[in-house]
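Close look at the chain arrangement
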Amino acid sequence: METEFKIGEKVKCKKFGTLSHDFVGAVEKIYENSAMVAIVEHDVTDEVAVNDFHNRVIVRLKDMKKITVK
């Protein structure tokens, strides 16, 4: 199974559930249609939700976008 994402890459993820804003994370594990993402940067208003998730979430691959390093 090939995916466009690699472990360790930074990605921008769409908001979902109790998160009010999009966030930036690092891919930790890749599944068939989703990935475990460690939340690296998030809006300050989402602090409680991020702590509830223990700074990790499962995100659908189609809701993630690679962050290009310039």
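This text gives an overview of the structure that appears in the document. Keep in mind that this is a model prediction, so the values were computed, not measured.

1. Here's the deal with the nonpolar core
As a rule of thumb, nonpolar side chains are buried together in soluble globular proteins. Ranked by internal contacts, the top residues of the largest apolar core, which has 16 residues, are Val11, Cys13, Phe23, Val37, Val59 and Met64. Secondary structure elements with two or more residues in this core: strand S1 (10–13), strand S2 (23–30), strand S3 (34–41), helix H1 (47–52) and strand S4 (56–60). Cys13 has contacts with Asp22, Phe23, Val37, Val59, Asp63 and Met64, leaving out every residue within four places of it along the chain.

2. A short note on the pairing of S1
Residues Val11 and Cys13 of S1 are buried on one face, while the alternating residues Lys10 and Lys12, pointing to the opposite face, are not. Of the strand pairs in this sheet, S1 and strand S5 (residues 64–66) are connected by 3 bridges, and their pairing is antiparallel. Each bridged residue has a counterpart across the sheet, and for Lys12 the counterpart in S5 is Lys65.

3. A few points about the environment of Gly25
Mapped onto the fold, Gly25 is located in strand S2. In the structure, Gly25 is positioned 11 residues away from Met36 in sequence and 9.4 Å away in space, judged by C-alpha atoms.

Criteria and thresholds
- Residues numbered from 1 in each chain as written.
- Predicted model: local features only at pLDDT ≥ 70, side-chain atom pairs only at ≥ 80, totals over all residues.
- Heavy atoms only, no water.
- Core = buried A, V, L, I, M, F, W, Y, C linked by side-chain atoms within 4.5 Å.
- Buried < 20%, exposed > 50% of the residue type's maximum accessible area, 1.4 Å probe, protein only.
- Helix = DSSP H or I, 4+ residues; strand = E, 2+ residues; numbered from the N terminus.
- Contact = heavy atoms within 4.5 Å.
- Pairing = 2+ DSSP bridges.

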